[in-house]
Amino acid sequence: MDTRRLLRIFATGLGTAGLLVSGCSTGGSAPSASATGSAVAEELEPYYGQTLRWRDCGVEGFQCTTMKAPLDYGKPDGGDARLAVSRKKATGPGKRIGSLLVNPGGPGGSAVDYLQGYAAIGYPAPVRARYDMVAIDPRGVARSEPVECLTGKEMDTYTQVDQTPDDRAEVEALNTSFEKFAKGCEKRSGKILPHVSTIETARDMDILRSLLGDEKLHYVGASYGTFLGATYADLFPARVGRLVLDGAMDPSLPAIDINRDQTAGFEAAFQSFAADCVKQKDCPLGTTSTADAATALKKLFDDLDSAPVPTGETRKLTESLATTGVIAAMYDEAAWPQLREAVAGARRGDGSGLLSLADSYYERQPNGEYANLMFANAAVNCLDLPPAFSGPAAVEKALPEFEEASPVFGRGFAWAALNCDSWPVEPTGTPNRTEAEGAAPIVVVGTTRDPATPYKWAESLADQLSSGSLLTYEGDGHTAYGRGSDCIDTAINTYLLDGTPPKDGKKCS
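Treat the numbers as computed from the prediction; the structure is a model and nothing was measured.

## Details of the pairing of strand β2 (residues 63-70)
1) Next: Counting buried residues along β2, six of its eight residues qualify, which places the element largely inside the surrounding structure.
2) Next: When strand β1 (residues 55-56) meets β2, the two strands line up antiparallel, connected through two bridges. The residue of β2 that forms the bridge with R55 is C64.
3) Next: Between β1 and β2, which pair antiparallel one after the other, the connecting turn spans six residues, and G58 there sits at a positive phi close to 90 degrees.
4) Next: Alignment of β2 against strand β3 (residues 80-88), held across eight bridges, turns out to be antiparallel. Looking across to β3, one finds that Q63 is bridged to R87.

## Thoughts on unusual backbone geometry
1) Next: Cis geometry marks the peptide bond from G92 to P93, where omega comes out at 5 degrees.
2) Next: Following the sequence through the fold, P93 ends up in the loop between β3 and β4 (98-103).
3) Next: Note the cis peptide between G106 and P107, where omega equals -5 degrees.
4) Next: Structurally, the position occupied by P107 is in the loop between β4 and α3 (111-122).
5) Next: A positive phi is found at A142, a non-glycine position, where the angle reads about 55 degrees.

## A word on the packing of aromatic side chains
1) Next: Enumeration over the complete set of coordinates arrives at 18 aromatic pairs.
2) Next: Arranged with centres 6.0 Å apart and planes meeting at 70 degrees, the rings of Y118 and Y123 form a pair that is edge-to-face.
3) Next: Ring geometry for Y224 against F227: centres 6.0 Å apart, planes inclined by 75 degrees, an arrangement best described as edge-to-face. Taken together, the residues span about one helical turn, with Y224 and F227 both in helix α8 (residues 224-235) at a distance of three residues. For the pair shown, Y224 and F227 are each scored as buried.
4) Next: Following the ring pairs from residue to residue traces out a cluster consisting of F266, F270, F273, Y331, W336, Y361, Y362, F409 and F413.
5) Next: The ring of W54 is capped by R87, whose NZ or CZ atom sits 4.0 Å from the centre of that ring.

## Notes on the side chain of D261
1) Next: Along the chain, D261 turns up in helix α9 (residues 255-277).
2) Next: The class for D261 is buried, based on a relative accessible area of 12%.
3) Next: Apart from the residues within four sequence positions on either side, D261 is in contact with L253, P454, K456 and W457.

Reading the values: rules and limits
- Residues numbered from 1 in each chain as written.
- Predicted model: local features only at pLDDT ≥ 70, side-chain atom pairs only at ≥ 80, totals over all residues.
- Heavy atoms only, no water.
- Buried < 20%, exposed > 50% of the residue type's maximum accessible area, 1.4 Å probe, protein only.
- Helix = DSSP H or I, 4+ residues; strand = E, 2+ residues; numbered from the N terminus.
- Pairing = 2+ DSSP bridges.
- Phe/Tyr/Trp six-rings, centres within 6.5 Å; stacked < 30°, edge-to-face > 60°.
- Lys NZ or Arg CZ within 6 Å of the ring centre and 35° of its normal.
- Contact = heavy atoms within 4.5 Å.

This is how it looks when you write it as structure tokens:
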């Protein structure tokens, strides 16, 4: 599949993007603290008053810089976090509106990669004409004090651990793998690990907003990026400009509900895939019914659990890798033909297709190394909320409801949610209704058969936000903007360009 499409589908930086390199300084003076629209705490004034020194990124049309933020907002004099920023200036014609920050989600997705690989060249031309397109890699991610946990070989082993344990020994092996992952993060990234929360990243965004000279934050966030955007709005409602929250999360949910809802979301996405698959002559899961397709896929997973198949390299396709490969293809219906081919290959004893999908999801590079996506993902999630489960016994108790949510994926999703139980840093966040009282209109976008961020989350967030307006895409896939619906794109473009939100409850297909 095309790299730009993968960037949008997986909401992560897949493929090669420009690295930050040395160059000429072109920055001017930063605005005063008063540009934020309200007073800034005295201890934060040096950060709001710093100068951004822009330089060539090595990618045509883009500039890059590094911004400083307090490592610990509770102790602003305790050292800095250095955060990577990139921009592509407004192209015209038309009057420049300001800066448009983008975040692709994750947590752990590189916003800079997303900007350079898709948003700043793939967003509608009228939007790019009137906004400087800007991204900041969140703390702990990619170029911004990245969290590191395991070597490439260690990560290979981690991704192959059986996540549907059948006996005590396999439960212990899975739990041990989570513990080793957590200890690796603590060993390699102990300094940044307590300071990668969504609240801290939202506060970083406000510093950047001010340094860019904008009185209001204009922002498009996808997936986890909606949680980040909603958090910003709750912290700084008076500074909200035009916010699009696409593929919305629900900040009021505890971790166990999030995991269970996502389980049901991926089941719904699989049902859509299966309904399409059984109509195709090349469907490797049969051509009769979606129930038979689910049975066939479960049998494939069971067979791989007993006997992994070759892939053409040293790694074999295990049940866990195959499951990840299938999940990766659920994010966008454009991947369904590739998934059919990959599943057919695995049934013939060739696991290379599903392994390739799993590797793209994990951001495994051709040299065997991994981007820090999964490291940052765990670090942020485990800090933002108390763990879904406290020990294997709690998982086993919850298995029936997860398997009810998804007969295909439920067992694996339940056990995967045990990872934060081993985390070395205590969580600092809690579930929280997000109202952002006093904020300007905020557009919340939900897709009815979104696997990763179920539609009911968008309904809930739009209801919580005092100025939320719900825009619905009736279809498949993860997120909606820029995915082929003229109705969705027109509504969002109109909002970004003239500030008029779509009517609350508007539906598109």
